[in-house]
Amino acid sequence: MTETTHTQTTPPGRAGRPHSPERQLAANALRGLRQDLFQDAFRYDPLPRLGEAGPLTRRLPGRMREYGAWSRHLLVAFGGAVALFVAMADQEAPLLALLCGICVLVPVLLTLVRPVGAFWVSLAATVVTSVIARGSGSWPWAPASFLSHLLVLTVVALRTRPRAAAWMWVLTAVFGVFCDTSFGEDGYGSDTAPMLFLSALLLLIVTVRHIRKEAQQEMTAQQTVTAHERSRRTLLEERTTIARELHDVVAHHMSVVAIQAEAAPYRVENPPPELEKAFATIRENAVAALTELRRVLGVVRAEDYEAPEAPQPTLADLDGLLANVREAGLTVDKAVTGAVRELPQGVELSAYRIVQEALSNTLRHAPGAEARVEIGYVLGGLGLRIVNTPPPAPHLIKPSHGAGHGVTGMRERVSMLNGEMTAGPTDDGGYEVTVFLPVPAAASEGDA
């Protein structure tokens with residue numbers, strides 16, 4: 001038995017016809033109006049304080065910095081106070097003046113805690129003040145309510161999205177036109193046109209500010225993502241370089257082990273079968289390990305990468321590096337302390353690369369400075385210190401737009417060997433890199 005399911009969808013329009021684009025546009029507009037100005041219009045949304053590290057408050061001294069955090073609140077309250085004084089000056093009757101003052105002050109102060117609701121209260125207060133100040137010569141906004149409504153529109157637009165500012169302007173226009181056509185009388189000048197012009201100008205400025213702020217936030221976020229991706233790419237490139245070099249070092253050692261294991265039985269006269277079998281097993285394991293090593297680590301090589309014919313550099317080759325650096329114009333000295341001994345090749349290679357990168361950074365970021373390389377053979381490891389003096393003309397140094405491989409690569413090499421590293425500016429304006437690479441005593445003695 002086969003069971004079928006039939007799903008019937010509701011037609012988008014009457015008789016299954018889709019809605020017209022104009023109707024969909026109007027529906028979306030009304031939905032936006034409901035979301036911006038009607039839905040939770042009187043919800044509690046207090047204006048936050050300015051941070052003490054903001055561009056305004058951080059310039060204030062000491063105690064004033066705490067009061068500066070309330071500067072926006074004080075500015076809004078000052079605007080409301082100005083509207084209050086204007087309202088009380090327009091009325092000769094004290095009670096009517098006080099009532100008009102309250103009507104223009106409350107919406108302005110309400111923008112600090114309930115911004116959208118303050119817009120509706122401002123329209124309602126405009127009706128009250130227009131009735132009370134009927135003889136003021138302007139309609140429908142009295143001088144005080146005119147100022148108050150402009151303040152409310154500006155503050156609410158700053159605290160909401162640009163779409164809400166557009167809707168407030170449209171509703172203000174509808175309110176003004178309705179009052180002019182329904183209740184306007186001869187002898188009263190309509191101030192709807194000045195209200196719409198000034199409010200449009202203010203809301204346009206606020207909208208441009210919103211758009212610029214959003215663009216700056218998007219640009220900052222994009223720069224953060226770009227910097228993160230660049231850092232990740234730099235880290236991967238450095239790890240790839242290290243893996244290539246270690247591949248060559250380890251492959252060389254494994255090849256030597258395989259060759260020695262194959263030749264060892266021929267150096268002993270009449271070796272026992274057990275010894276021949278042991279050497280054969282060693283050689284097979286070395287060859288298998290070398291094969292797996294090349295298979296796994298070989299994938300990090302670029303297609304055009306060729307293994308160097310010469311062995312990887314060690315600290316014994318450091319004098320050649322310093323000579324090349326001196327030819328490039330950098331004055332560099334070298335100091336070696338402790339008993340010089342042969343270290344594991346991975347340690348010597350990493351030490352050489354760290355010195356090389358530190359001197360390259362000096363050439364790049366501090367041209368004309370003097371550098372010093374200190375190498376300390378201590379018990380349990382190797383110490384490195386590369387320090388340079390401040391450049392003689394730092395204002396002439398052009399900013400470097402490199403990928404930032406220097407410190408990242410050095411930290412990766414030190415971390416690979418479980419070492420420690422510090423890098424940072426010195427007190428006199430130079431730069432110092434200090435590294436300690438641990439070397440087990442058994443490994444050091446074996447290499448010696």
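Residues numbered from 1 in each chain as written. Predicted model: local features only at pLDDT ≥ 70, side-chain atom pairs only at ≥ 80, totals over all residues. Heavy atoms only, no water.

A. Local environment of the overall build of the protein. Counting secondary structure elements, the protein contains 13 helices and 7 strands. Residues counted as buried form 35% of the 448 residues belonging to the protein. Carbon and sulfur atoms make up 60% of the accessible area of the protein, which amounts to about 27400 Å² in all. (Helix = DSSP H or I, 4+ residues; strand = E, 2+ residues; numbered from the N terminus. Buried < 20%, exposed > 50% of the residue type's maximum accessible area, 1.4 Å probe, protein only. Areas by Shrake-Rupley, 256 points an atom, 1.4 Å probe, with all protein chains shown as cover.)

B. How the structure looks around the packing of helix α3 (residues 71-90) against helix α6 (residues 143-159). Put simply, α3 and α6 touch, their axes get as near as 8 Å, and they point 165° apart. Taken together, the axes of α3 and α6 are roughly antiparallel relative to one another. Classified by chirality, the crossing of α6 by α3 is left-handed. Packed against α3, whose contacting residues are V76, G79, G80, V82, A83, V86, A87 and D90, the element α6 presents P143, A144, L147, S148, L151 and V155 at the interface. When its residues are assigned to classes, the contact of α3 with α6 shows 10 nonpolar, 3 polar and 1 charged. (Axes fitted to C-alpha atoms, helices over the stretch in contact; angles between N-to-C directions. Parallel < 35°, antiparallel > 145°, perpendicular 65-115°, else oblique. Left-handed = near helix turned anticlockwise from the far one by under 90°. Contact = heavy atoms within 4.5 Å. Nonpolar A, V, L, I, M, F, W, Y, C, P; charged D, E, K, R; others polar.)

C. Quick peek at the pairing of strand β7 (residues 431-438). Of the pairings in the sheet, the one linking strand β5 (residues 381-388) to β7 comprises 8 bridges and is antiparallel in character. Paired with G381 across the bridge in β7 is P438. Examined bridge by bridge, strand β6 (residues 420-425) and β7 share 6 bridges and lie antiparallel to one another. Bridge assignment links G424 to a residue of β7, and that residue is E432. Between the antiparallel neighbours β6 and β7 lie 5 residues, among them G429 with a positive phi of about 100°. (Pairing = 2+ DSSP bridges.)

D. Structural context of the confidence of the model for the protein. Overall, the prediction assigns the protein a mean pLDDT of 81, with 80% of residues at 70 or greater. Low pLDDT, under 50, characterises residues 1-6; the stretch is placed with 0 contacts to residues that sit more than four places away or in other chains. (pLDDT = per-residue confidence, 0-100.)

E. A look at the sheet that holds strand β4 (residues 370-378). Overall, mixed pairing links the 5 strands, which are arranged β3-β4-β5-β7-β6 in an open sheet. What marks the edges here is a single partner per strand, and that holds for β3 (331-337) and β6. Neighbour-to-neighbour, the strand axes of this sheet turn through a mean angle of 10°, independent of strand direction. Pairing analysis gives 8 bridges linking β4 to β5, with the strands arranged antiparallel. Bridge assignment links I375 to a residue of β5, and that residue is L384. Strands β3 and β4 of the sheet are contacted by helix α10 (residues 318-327), whose axis makes an angle of about 160° with β3. Against the sheet, helix α11 (residues 345-365) engages β3, β4, β5 and β7, with an angle of about 5° to β5.

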